[in-house]
Structure formats: C-alpha cells, structure tokens
Amino acid sequence: MSTTPVSTEFDLVVRGGLWFDGTGAPGVVRDLGIKDGVVATASADPLPVGPGTEVVEAAGRWVMPGFVDPHTHYDAEVLVSPGLPESVRHGVTTVLMGNCSLSTVFVPPLDAADLFSRVEALPREHVLTALEQGRTWSSPREYVAALDALPLGPNVAAFIGHSDVRAAVLGLGRSTDPSSRPSRAELAAIEAGIEDALDAGFLGVSTMTNPWDKLDGDRYRSRTLPSTHASWAEFRRIHRILRRRDRVLQAVPNLNTKYDVAFFALATTGLGRKPMKAAVLAAADTKAERWVHRIFGPIAFAANRIGRGAFRWQHLPTTFEVYSDGIDLVVFEEFGSGRAALHLKEEVARNELLRDEAYRRWFRQDFDKKFSPRVWHRDFDDTTIVECPDASLVGRSIGDVARDRGVHPVDTFLDLVVEHGRKFRWHTVIANDRPEVANRLLRQPGVTVGFSDAGAHLRNMAFYNYGICMLRRIHEYARRGKPVMPLESAVHKLTGELGDFYGIDAGHLRVGDRADLVVVDPAGLNKDTDAYHEAPMPEFGGLSRMVNRNDAAVTATAVAGRVVFRGGEFVPGYGATVGTGRFLRAGTDERGPVPVRRPAPPAAAPAGSAAP
C-alpha cells in the first residue's frame, strides 16, 4: 500500500525495510513515514526527510509491528520500573499483565505480596515495598489512571485476577479456606468487581485451578490460591459475564487431574449461544509426558470446529529451560515432600528437614513414583551444575555426582543443597526440546504464541526474547529449505493475531495505525538468542536476574512513533522522564502519541477485606 505523504516532514522515517503489517500479508519493501505517533504513509518511493526527522535505516531488515506478549507478571515491577526494558529491547511493545488469577487491583499490598511472591518466585519484601509505595488506587478505574500516569515504556493491558477479586471480597483467609463458601451476596460482589474492571477496559478475567501454586507470607503460607477454591458454579457466573461482554478468560488448569481442561474448552463453545474466548496454559512438548503434545490439537479442534468456540492454547515458541538456586524452583511444588521444603523460608530450618532420614525416604518415594502427574521429568541425569563453591562439580550432572558418591541421586541432591544452599545452581530442560514437535505445535490451529512469564521467576528463566527466538527458528528452517511457515505468518502470530484475539489496539502496522514497531536484522538471528546472561535489578535490591542479550537482532524498537531502543541502547530518560506507552483498553482504538501525563487521583485507604 502506498499513499501520498500528508506532510513534507515526518517525525520518523523507517527507510527501505521489508515491511510486514501484522495481518499475515507478505512483506514488501517500503519507506514508512510516521507523523504524530501514527503510520502516515508506506511508500515504494523514498520519502522526504526534514531537519527534524529521525531516520532508521532498515534496508535488508524486517520492519514489523511490535510484538504482543500475552502472558507476563509485571504487575509489581511496572510500578518501580515502568520502562520494562527487558521486554522492549527484544521488540515487545505491548504486554498483558494480571495473568494466572493474580492482579493487584482490589487486594491491599500485603495480600497482593502473599498472592504473588511464592507463585512467581519474586522477592516478597521488594514486591511488598513496590506495592506499598506505588499504590494510589482503590478501584479499577483509578488503577488504570495510576498506570497511565507512569512513564510506561511499552503499552500495557491487563486481566483482572480471579484470586485478587475473590480475596478482596472474602478476605484472604476465607478465600483460601476449603471449608468456606461465598454467600450469594459475596458472589454478587465478585461479579460486581469484575464488571467494574471490564468497564474500565480490562481484557477479561484470569483464573487458576492448579493446586501447585501457593501463598507466601506467614499468615496463610502454603495455602493454594483463592481461585482454586471456587466452585464450578462460581466459574460459570464469571463465564456468563465474559461471554456477554465479549471478553477473554485466561486460565491455568489443574495439572494434577487435567480434567478441567475439558470444562474450560466446553465453556468456550458457541452451540446455541455466544462463544467465549479463552486462552489456556499451555501447549508444550514436556519431557515428563512425551505423549501429551498430541492432545492439544484435538481439544482445540473439538472446541472450535465442532463446538464453534473460541479456545486457544498458549505456547512458548522456544526451548523451556530452567535454572534453580538449590531447591528454589516451582517444579518442587508438584509433590508433597517438595512442598514441605518450600514451606520453610529459613535456610536453617529447611536444612534440618533436608537432613532428616524420614524426610529423605518421603522425598525418594515422591521422586520415584512413575505415574504421578508432573511437568518436570525428575531425571537428575538430565541436569547440569552451572555454579557451585566446589568447582570440581561445575559442568557435571547431579546423577553423575551421585554415581561417584555411590548414593541415591535424591540424597546427592539434598546433600548438595545442605552443603551449598543457594550457591548450588543447576540447569535442566523441561519442554520443547524436540524441534519437529515444536514446529508442529507452532502450526497447530488453536495454538497462539506467548507465555513468556516476563517479570516472574527472575532467577529461574528468561524468555523475554521469545519472539526473536521464534523468528530465528523460522529463518533457519527456511534457509535449510524446510520452511516451518511463511515469515508473514510468523509475524502475524507474534502480533496481529494476538491483538485481534484479545481485542486491543495492538499488533498492526498499517497506514493509520499507531506506530509501535520493531526492526529486526535477520543477520543477528544467531546463537546469541540462546546465550545465558544475568543483570542486576536495582529496583529489587540489586537482585541478579536472568535476562536475554541479543541486541544484534533488534535494530530498533519504537512505541507510539518514538524510537526508544536503538543500537543496543535506550534513549536518555527512558522509563523515568520518557514514557511512550499507555494502558490499552479492550475494544478501544488508542492511536497517536501518548497524551499529556496527569497524576493519578489520591487513593482512599484500602480496606483489606472490603467488597470491591
């Protein structure tokens, strides 16, 4: 498409790149002229450049909409680091928060910290501080205003968390007590809170029925999240709201029983009624259950083609590898003895437990069960020790060390945790290690990409660059003559498909669209995408977080027509005095540059258990 420029001078010209508009249309070489935060023209001829025009040279590169990351947990981090640079440097220009039943809209900071910290492996004290210092809201509308008052780097959209609103209505204690049931008035209050959030522009509701995820803190430690205690009748009430409002359910099913996947799939169907959109975790090829990748296609087919529904799986389009400092890894929540260890916060008490022979027998029994539900393969030969005070162990597997010591691998692992604590760091791959299966999942109808978990599990994993990883795979297979899918289809899956499904103004780069874009150099799609890096996080006490660093792949990222990342560097003041993103309201067009910032309204004192 080409139009006549409406002005002789553009704010930004992206020159000569292979331009993809996010609709799935093939790329064409164009100059993009951007004015007032919007794509004003896409020209086959060189565009005029004035003295005030910024130019990004994109010849030989791909110009595409900024990536939409549909699964993040930035809810606390955005308050202290609103630039969210680890995503933006990898071409993400829109992030979706409030996933997995967790948001910070209704509950007070202490409850929010207890909900978030253990589930998402975040330092509780820093989460609590961020929420106590950053909270200026007492309603969904005020929450939106508070985010819009921040110097956001990317655009932000959000789900309202089922656990958030449920805990606000019932109180955190009752909401996590399996013997307690909400009254009719309380169910009505939960519905009213959800309606208020949807009125404010929230995407929908996120929920969680997986019992592995536990509360942090001292008051109700190790209880499962509030949403896991909801009845199917309560879920159906929420589904009716979402169906009527054309909003989205984001869900994590029970990974023990798995049968409630069918419940969520059936809830989306449109036979004799309006379908409901649902995005469910997660389509993956797990090492623990090599057969499970075969179920995702049939379930989506049954829900969408036969049931006329709107069911989508979320999928991470790269190898799912994790690191652990000692025993601090969510996979140990899968079985009772692992949960018992993670229940103990203090290292002295935990080590005393790990030394106990009765406990070790319990752990071995759990570990060796062949048919227990699992995500982790529980194979200590499939591990690598990457850091340890005993340097002779680095580079070896835990299983190999066990054979040298002549003891059971579980005892070796527990010995290493007791001996070295969190300085004993190891690595393993959980899922998506077979390229041919991963490629098939990527092409599967009903599978969408995302699930980065950005902002969570800071010491365990880093998938901020999942979009770049996916493009690398597409590019490499095409060069081998074994294409996975056309490049334009891959771009669509990372951008427009997600914006359209979630009902937000994101993921497109057509004339007239807001100019959120990334310029990718295919020459930079190399092994650096898989490299290990760490970087300090000053906002969380200098914690060394896992990050990605493949800046050769991303030439530039622009949000609302302003280049914020270029040549491996952010613009001065980024995320402090420079803010380019906004809160994206579902079903609303949000074009042009970010409006003038206004301070958020003062907060009323939050009531810990007041109904929203």
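Please read all numbers here as calculations on a predicted model, not as lab measurements.

Peer 1: Give a description of the UniProt feature "domain: Amidohydrolase" (unreviewed entry) in the protein that names residues and reports values.
Peer 2: The UniProt record marks residues 54–167 and 417–565 with the feature "domain: Amidohydrolase" (unreviewed entry), using the residue numbering of this structure. Between the first and last C-alpha atoms of residues 54–167 the distance is 49 Å; the span itself is 37% helix and 20% strand. Strand forms 23% of residues 417–565 and helix 28%; the C-alpha atoms that close the span are 41 Å apart.

Peer 1: Quick rundown of the nonpolar core? Include the residues and the values.
Peer 2: Formed by 158 residues in total, the largest nonpolar core has its most connected members in Phe202, Phe332, Phe363, Phe413, Leu471 and Tyr502. Counting contributing residues per domain, this core is built from domain 1 (67–319 + 432–520) and domain 2 (322–428), each supplying no fewer than three. Setting aside anything within four residues of it in sequence, one finds Tyr502 in contact with Pro70, Leu96, Phe159, Leu203, Val248, Ala279 and Gln314. The next biggest cluster of nonpolar side chains, apart from the first, holds 17 residues, and it includes Val14, Ala58, Leu509 and Ala558.

Peer 1: Can you lay out the domain arrangement of the protein for me, pointing to particular residues and giving the numbers?
Peer 2: Here the protein is described as being made up of domain 1 (67–319 + 432–520) and domain 2 (322–428). A straight line from the C-alpha centre of domain 1 to that of domain 2 covers 30 Å. Listed as interface residues are 20 residues of domain 1 and, on the opposing side, 21 residues of domain 2. Together, Trp212, Arg459 and Asn460 form the three largest contributors to the area buried by domain 1 at its contact with domain 2, with a combined 37%. On inspection of domain 1 and its partner domain 2, the count reaches four salt bridges. A salt bridge links Arg459 to Asp325, with the shortest nitrogen-to-oxygen separation between them at 2.9 Å.

Peer 1: Just give me the short version of the sheet that holds strand 7 (residues 92–97), but keep the residues and values in it.
Peer 2: Strands sit in the order 6-7-8 across an open sheet of three strands; the sheet is parallel. Looking at the sheet topology across the chains shown, the edges are occupied by strand 6 (67–69) and strand 8 (155–158). Strand-to-strand twist in this sheet, taken as the mean axis angle between neighbours without regard to direction, amounts to 20°. Here strand 6 runs beside strand 7; their pairing, made up of three bridges, is parallel. What sits directly across from Val68, in strand 7, is Thr94.

Peer 1: Give a detailed account of the pattern of salt bridges, specifying residues and quantitative values.
Peer 2: Under the criterion given, the structure shown has 49 salt bridges. Between Arg396 and Asp400 there is a salt bridge, and its shortest N-O distance comes to 3.1 Å. Residue class for Arg396 comes out partly exposed when judged on its relative accessible area of 22%. By relative accessible area, Asp400 is classed as partly exposed at 27%. Between Glu497 and Lys493 there is a salt bridge; the shortest N-O distance is 3.4 Å. Residue classification places Glu497 among the partly exposed residues on the basis of a relative accessible area of 23%. A single salt-bridge network, built from bridges that share partners, covers Glu357, Arg360, Arg364, Asp411 and Asp415.

Rules behind the numbers
Residues numbered from 1 in each chain as written. Predicted model: local features only at pLDDT ≥ 70, side-chain atom pairs only at ≥ 80, totals over all residues. Heavy atoms only, no water. UniProt positions renumbered as here; feature names shortened; annotations may be inferred. Helix = DSSP H or I, 4+ residues; strand = E, 2+ residues; numbered from the N terminus. Core = buried A, V, L, I, M, F, W, Y, C linked by side-chain atoms within 4.5 Å. Buried < 20%, exposed > 50% of the residue type's maximum accessible area, 1.4 Å probe, protein only. Domains from an automatic or database assignment. Contact = heavy atoms within 4.5 Å. Buried area = accessible area lost by both parts, 1.4 Å probe. Salt bridge = Lys/Arg side-chain N within 4 Å of Asp/Glu carboxyl O. Pairing = 2+ DSSP bridges. Axes fitted to C-alpha atoms, helices over the stretch in contact; angles between N-to-C directions.

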